[in-house]
Amino acid sequence: MRAGRAGGRPPTVRRPAADPYDGLPLTAPRPALHDAPGPHATRRDTASMSISACPARRAPGRLGDVMTSRIPQTVPRIAVALAAVSAAASCSIDLDRPAEGPSAPPPAAVPGDAGASSVGDPYTTGDGNGGYDVQHYDLKLRIDPGDSAKALDGVAEITARATQAMSRFDLDLSDLNVAEVRVDDAAARHERQGSELIVSPAAPLKKGATFKVLVRYSGTPKTVVDPILQRYGWIPTRDGVFVACQPSGAHSWFPGNDHPSDKATFDFHITVPNGLTAIANGEQTEGPAPGDGEGDEIQPPGSSSTPRFTQAAAHADTTTTWRVKEPMATYLATVNVGRFDVRKGTTPGGIPILSAVDPTVFNTDVDDFQAKNAQITDEWVKLFGPYPFSSTGGIVDDADVGFALETQNRPVYGSFGAQETIVAHELAHQWFGDSVSVTRWKDIWLNEGFATYAEWIWGERAGGPTVQQEFDTRYRQTDNREVWDVPPGNPGRGQMFGRSVYDRGGMTLHALRRKVGDATFFTILRTWAKEHRHGNATTAQFIALAERLSDHKLDRFFRVWLYERGRPTSW
């Protein structure tokens, strides 16, 4: 994540210790579930959404008056993505509503073990859950931005595998009204406790069993306003909605296991009012064609053959389906709804691409944006290895936010537009952050430090300061406490999107490059992206890889750069 233009002590061990939260018991005993009143039950706990519900991601500020990454206090640089897909057909989504009239109450709760109510990540307290591994989300979403009382009407079908025997498990979901929960097509008891939806299936689940959970829900998702992470999540715009949810805001608009350690594939079926376009992650598989033509390669800016979205004029609703075939962390999911100029085609390197710009954002030309997305993606393939996903691109919306977010496949940008180095930052995240995701948020430098370094590389190629100059400028700032007093390898929740994570994280990589040499350094980056493709990883694993490929002992190097306070003077 990177911010837009705006006006604990480190470990004392010699190398980063294993995650101290892995394997610890994560839940306290819960009160017994109560009888649910049926499919139209509402939440019993009306507490407001927690801060972890959907923080946007920001990067530390760049030097000078330029867009910065998600954490600067002045302007978060969230790279969160809100997808917007063309809604031009006459089809309308079936939310499988229950028949009118009373329904039988769910069966009595079955005693037994419960899945953990959190993964135990102190950076996003309460987020994620234990006892299961989500395989797939199928989300049917009817979105009406003009309905302030019920902007969202949804049905989520979640396919998961039980990692333990259990009679009860949690899903993350904030504030929205839940009408019905079913497990393997049988009515299930459910109860709300804060941002937890506690589900008790009719029959216990066996370890290793694959099961399906259906949740029917509705309401208007709340925008998260966080004193540290600022404003993110479900953000209304003048003509629709922008969605960017790093680190943990996905559960403000759909139920799930909201932590990057549990990635899954997705299907989005999105119905919007006529005249609006909806764009999500992945590729469109059903609904109105996204353009008038397909074009085999990106056309030059201004070319009349560049395809555009067309809008249907005769239907009340339009529905489109988007499929994400590669595993995705929940915070990277996005649905952007509004009016967009869209370009669709293939990069010169052969990667499908879709770029969209709200026509009221006058600082970004859609053809230039499409061409730049294509150019940068192809260049990063040469540097970092094969592109990890099925398509690339980006979305610029008229959203009043000061950040961009690396939503999977196509990052999202607010009304500040898409500055070239920010685009380079967000597209680098497709390798570092989206494909290779953190296991715990304390390792966020693996996302932001890597993307910041890529941003410096692109800036040099574009005629800006060299990477060495970027390093030297920051290193000379001896009194910059934001950078030197915060260890980027474990910055704490309040600084997880601070300047140290971005700038000192990028500096760590440049110092490593100088230590091991260019050839070894870029081999390390490509191997990292390859060995952990579509998975999760830790700083300890990166250090082990760097030592293996460089044949250097790097304990002290990474300790002074990532885990000690103060400006490194030798390494």
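Since the structure is predicted, the reported quantities are computational estimates derived from the model, not experimental observations.

**So, the packing of helix 1 (residues 366-384) against helix 7 (residues 518-531)**
Here helix 1 crosses helix 7 at 105°, and the two axes come no closer than 8 Å. Taken as axis vectors, helix 1 and helix 7 run roughly perpendicular relative to one another. Along its contact with helix 1, which presents Lys382, Leu383 and Phe384, the element helix 7 presents Phe522, Leu525, Arg526 and Ala529. Tallied by class, the residues present in the contact of helix 1 with helix 7 amount to five nonpolar, no polar and two charged.

**What to know about the confidence of the model for the chain**
Chain-level statistics for the chain give a pLDDT mean of 82 and a share of 76% at 70 or above. Note on residues 5-104: pLDDT under 50 across the span, and 428 contacts to partners over four residues away in sequence or across chains. Across residues 291-315, where pLDDT falls below 50, the model places 60 contacts with residues more than four positions away in sequence or in other chains.

**Observations regarding helix 2 (residues 420-428)**
Counting along an α-helix, one turn takes 3.6 residues, and residues three or four places apart therefore face a common direction. Most of helix 2 is tucked away, with eight of its nine residues classed as buried. Listing the buried residues of helix 2 in full gives Thr421, Ile422, Val423, Ala424, His425, Glu426, Leu427 and Ala428.

**Description of the packing of helix 6 (residues 499-516) against helix 7**
Between helix 6 and helix 7, the least distance of the axes is 6 Å, while the angle of their chain directions is 130°. What the angle tells us is that helix 6 and helix 7 run oblique. For the pair helix 6 and helix 7, contact is made by Leu509, Leu512, Arg513 and Val516 and by Asp518, Thr520, Phe521, Phe522 and Ile524, respectively. Tallied by class, residues from the contact of helix 6 with helix 7 come to six nonpolar, one polar and two charged.

**Brief notes about the sheet that holds strand 2 (residues 132-143)**
Read from one edge to the other, the open sheet built from eight strands follows the order 6-5-9-3-2-13-16-15, with strand pairing classed as mixed. Each having just a single partner strand, strand 6 (186-187) and strand 15 (283-286) make up the two edges of the open sheet. With six bridges connecting them, strand 5 (residues 177-183) and strand 9 (residues 210-219) associate as antiparallel partners. Bridging across to strand 9, Val181 finds its partner in Val215.

**Thoughts on the nonpolar core**
Within the largest apolar cluster, 137 residues are counted, with the highest numbers of intra-cluster contacts made by Ile143, Phe169, Phe211, Trp253, Phe268, Trp380 and Phe542. With nine residues, the single largest contributor to this core is helix 3 (residues 445-461).

**Thoughts on the pattern of salt bridges**
Tallied over the full model, the rule gives 24 salt bridges. Measuring nitrogen to oxygen at the nearest pair gives 3.6 Å for the salt bridge that ties Asp153 to Lys150. Taking the relative accessible area as the measure of exposure, Asp153 reaches 9% and is therefore buried. Residue Lys382 is joined to Glu379 by a salt bridge in which the shortest nitrogen-to-oxygen separation is 3.0 Å. With Lys382 and Glu379 both in helix 1 and three residues apart, the pair spans about one turn of that helix. Taken together, the salt bridges that share partners define one network made up of Glu180, Arg182, Asp185 and Arg216.

**Examining the pairing of strand 2**
When strand 2 meets strand 3 (residues 152-162), the two strands line up antiparallel, connected through eleven bridges. Counterpart to His136 in the pairing with strand 3 is Thr159. Of the pairings in the sheet, the one linking strand 2 to strand 13 (residues 264-273) comprises seven bridges and is parallel in character. Bridge pairing in strand 13 places Arg142 opposite Thr271.

Each value, and the rule that gives it
- Residues numbered from 1 in each chain as written.
- Predicted model: local features only at pLDDT ≥ 70, side-chain atom pairs only at ≥ 80, totals over all residues.
- Heavy atoms only, no water.
- Axes fitted to C-alpha atoms, helices over the stretch in contact; angles between N-to-C directions.
- Helix = DSSP H or I, 4+ residues; strand = E, 2+ residues; numbered from the N terminus.
- Parallel < 35°, antiparallel > 145°, perpendicular 65-115°, else oblique.
- Contact = heavy atoms within 4.5 Å.
- Nonpolar A, V, L, I, M, F, W, Y, C, P; charged D, E, K, R; others polar.
- pLDDT = per-residue confidence, 0-100.
- Buried < 20%, exposed > 50% of the residue type's maximum accessible area, 1.4 Å probe, protein only.
- Pairing = 2+ DSSP bridges.
- Core = buried A, V, L, I, M, F, W, Y, C linked by side-chain atoms within 4.5 Å.
- Salt bridge = Lys/Arg side-chain N within 4 Å of Asp/Glu carboxyl O.

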